[in-house]
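# Descriptive analysis of the structure
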Amino acid sequence: MEKRKFMSILALCAAMSFSFVGCSDEDDPVISVPAESVSGLSFTDVNEAADKISGTLTWTEPSASGSVTKYVIYASSNTTSKDVKLGEVNVGTTSFEIEDTMNLGYLLVVAANDAGEATVCASVKVEDLAVDGSFLALYFLNSGSMGHNNASLYKYDVETGEVTPDYFKAQNGRGLGDTAQDMIVYGDKMYIAVYGESTIEITDLQAKSIKQIKTDGQPRALISDGGKVYATYYNGYVARLDTASLEVEATVAVGRNPEQMAVSNGKLYVANSGGMDYNTEVGYDHTVSVVDLASFTETRKVEVVINPTRLQADESGHVYVVSMGNYADVLNTLQVIDTRTDAVTPLTACPNATEMAYADGKLYTYYSQYDANWNTTNTFISYDTNTGAVEEWIKDGTTIAKPYGLCSAGGNVYVSESDFTSTGSIYGFDAAGRLILSAEAGLNPMKVVLAQKD
């Protein structure tokens, strides 16, 4: 059927009051305009010229593409106007190269077929590199409450001190989901492990979603090395993600309910907690798996105190392990693994810790215990991994009543605080132990990361 003839018949049908929805020749199927829309648009400008953009526009196809046969790409002055058509690609394609194009402010992707284009579209706001060539922000990852679908990401503007709640939702039109657990920045991307959703969210440095990976287990912790991102799955595996293809390319079995990881001497160390078996005959796990990174195979399991959860590596070939014990007669214990021999010894200079972080030759810890009246006693101790010196590392008298998490970013150390029911707080300290940041976070803040583009 010729296109002109088809359009004439279609116009005739629209003018008549018949109840059918389309017209066709006897041999042609009835085609409806698509109702679907792509999602997760992402674009980063790499063109240094003002008002010009270049780069790769990416998106996620709808779960059911229906009658969609192609996607049409437009430059737009807003989120709906089809101002300038840039091109089109066949269904099954999820990217489009933009070269030296005038920046109108937005890019649109519209699903289409021979009957026309969908009335709905997906859009992404374009940040011109010439205008916004640098970027610096801290992000606060908040776990939320399990089962309540309220994990969130807050943005802290380093220059102004302004906090933007629910920043991920503002950027993507949806929340993170249920029970976010960990987040890392690697290269020009951020990776977020969302335990309750069994997903790893991949975004650009401004938290715009690039891809959402559905995982075969509930992701718990993340670490990066050598162009790869590694994720522990709580069902007993570690997954390896390729940061170019953004695909899970391999998994390896480790111990029960693995938590944090550390990389040292070409090996990946994985804390096997066995936390889900705490009230069974099997009980807590008490091992750290050693995975050879070159072959991505587990070579051995190292025995540690029961319920290991936290790992940190220094530059001298040591991996530090916090075992949480049984919350009764086996206390939170800090140990060290010599990665040359995989021998484990207690860290007697700093024997107990609940959480730890590493920065610039120092292991920062806090140890939180309840007394008989369920009041917490907190100690904040640092261990110099070169000299063995131990001291309290909060120097300015700042008190944190309910510490929840500990991490380092950009050479500073951050403590999160939570009462498990209301919004939490983030406290940042410099290397001298002075408070440099105090800000509101979301419910159960887990992690602080620094995102920076020069």
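Heads up: these notes are all about the structure in this document.

Parameters at a glance
- Residues numbered from 1 in each chain as written.
- Predicted model: local features only at pLDDT ≥ 70, side-chain atom pairs only at ≥ 80, totals over all residues.
- Heavy atoms only, no water.
- Patch = residues over 30% accessible without salt bridge, like charges linked within 9 Å, V, L, I, M, F, W, Y side chains within 5 Å.
- Areas by Shrake-Rupley, 256 points an atom, 1.4 Å probe, with all protein chains shown as cover.
- Salt bridge = Lys/Arg side-chain N within 4 Å of Asp/Glu carboxyl O.
- Helix = DSSP H or I, 4+ residues; strand = E, 2+ residues; numbered from the N terminus.
- Buried < 20%, exposed > 50% of the residue type's maximum accessible area, 1.4 Å probe, protein only.
- Phe/Tyr/Trp six-rings, centres within 6.5 Å; stacked < 30°, edge-to-face > 60°.
- Lys NZ or Arg CZ within 6 Å of the ring centre and 35° of its normal.
- 1 Å grid on protein atoms, 1.4 Å probe; cavity = no way out; pocket = protein on both sides within 12 Å on 5 of 7 lines; lining within 4 Å.
- Points joined across faces, edges and corners; volume = space filled by probe spheres on them.
- Nonpolar A, V, L, I, M, F, W, Y, C, P; charged D, E, K, R; others polar.
- Pairing = 2+ DSSP bridges.

Here we take up a nonpolar patch on the surface. A cluster of nonpolar side chains, Val-84, Met-102 and Leu-104, forms an exposed patch at the surface whose accessible area comes to about 230 Å². Secondary-structure assignment places Val-84 in strand 4 (residues 84-90). You can call Val-84 partly exposed: its relative accessible area is 39%.

A word on the packing of aromatic side chains. Note on aromatic pairs: each is described by the distance of the centres and the angle between the planes. Following the criterion strictly, the structure yields 11 aromatic pairs and no others. With 5.8 Å between their ring centres and 80° between their planes, Phe-380 and Trp-393 make a pair best called edge-to-face. You can see Phe-380 sitting in strand 30 (residues 376-384) and its partner Trp-393 sitting in the loop between strand 31 (390-392) and strand 32 (403-409), a full 13 residues away along the chain. With respect to burial, Phe-380 and Trp-393 carry one shared label: buried. Ring plane angle 90° and centroid distance 5.6 Å describe the contact between Trp-393 and Phe-429, whose orientation is recorded as edge-to-face. Here Phe-429 lies in strand 34 (residues 423-429) and Trp-393 lies in the loop between strand 31 and strand 32, a separation of 36 residues in the sequence. There is no split in this pair, since Trp-393 and Phe-429 are both buried. Among the aromatic residues, those joined into a cluster by ring pairs are Tyr-364, Tyr-366, Phe-380, Trp-393 and Phe-429. One residue, Arg-220, lies across the ring of Tyr-195, its end atom 5.0 Å from the ring centre.

Next up on the list: the layout of surface pockets. A volume near 670 Å³ is recorded for the second largest pocket. Ser-42, Thr-44, Thr-56, Asp-204 and Ile-210 are, among the 26 residues lining the second largest pocket, the residues nearest its centre. Secondary-structure elements contributing two or more residues to the lining of the second largest pocket are strand 2 (52-60) and strand 15 (209-214). For the lining of the second largest pocket, the leading source of residues is strand 2, giving five residues. Broken down by class, the residue content of the lining of the second largest pocket amounts to eight nonpolar, eight polar and 10 charged.

Let us now look at the pairing of strand 10 (residues 152-157). Most of strand 10 is tucked away, with five of its six residues classed as buried. Both strand 10 and strand 11 (residues 163-164) contribute to a ladder of two bridges, which runs antiparallel. Bridging across to strand 11, Lys-155 finds its partner in Thr-164. Two successive antiparallel strands, strand 10 and strand 11, enclose a turn made up of five residues, where Gly-161 displays a positive phi of approximately 75°.

Without other data, these values stay purely geometric and don't point to any function.
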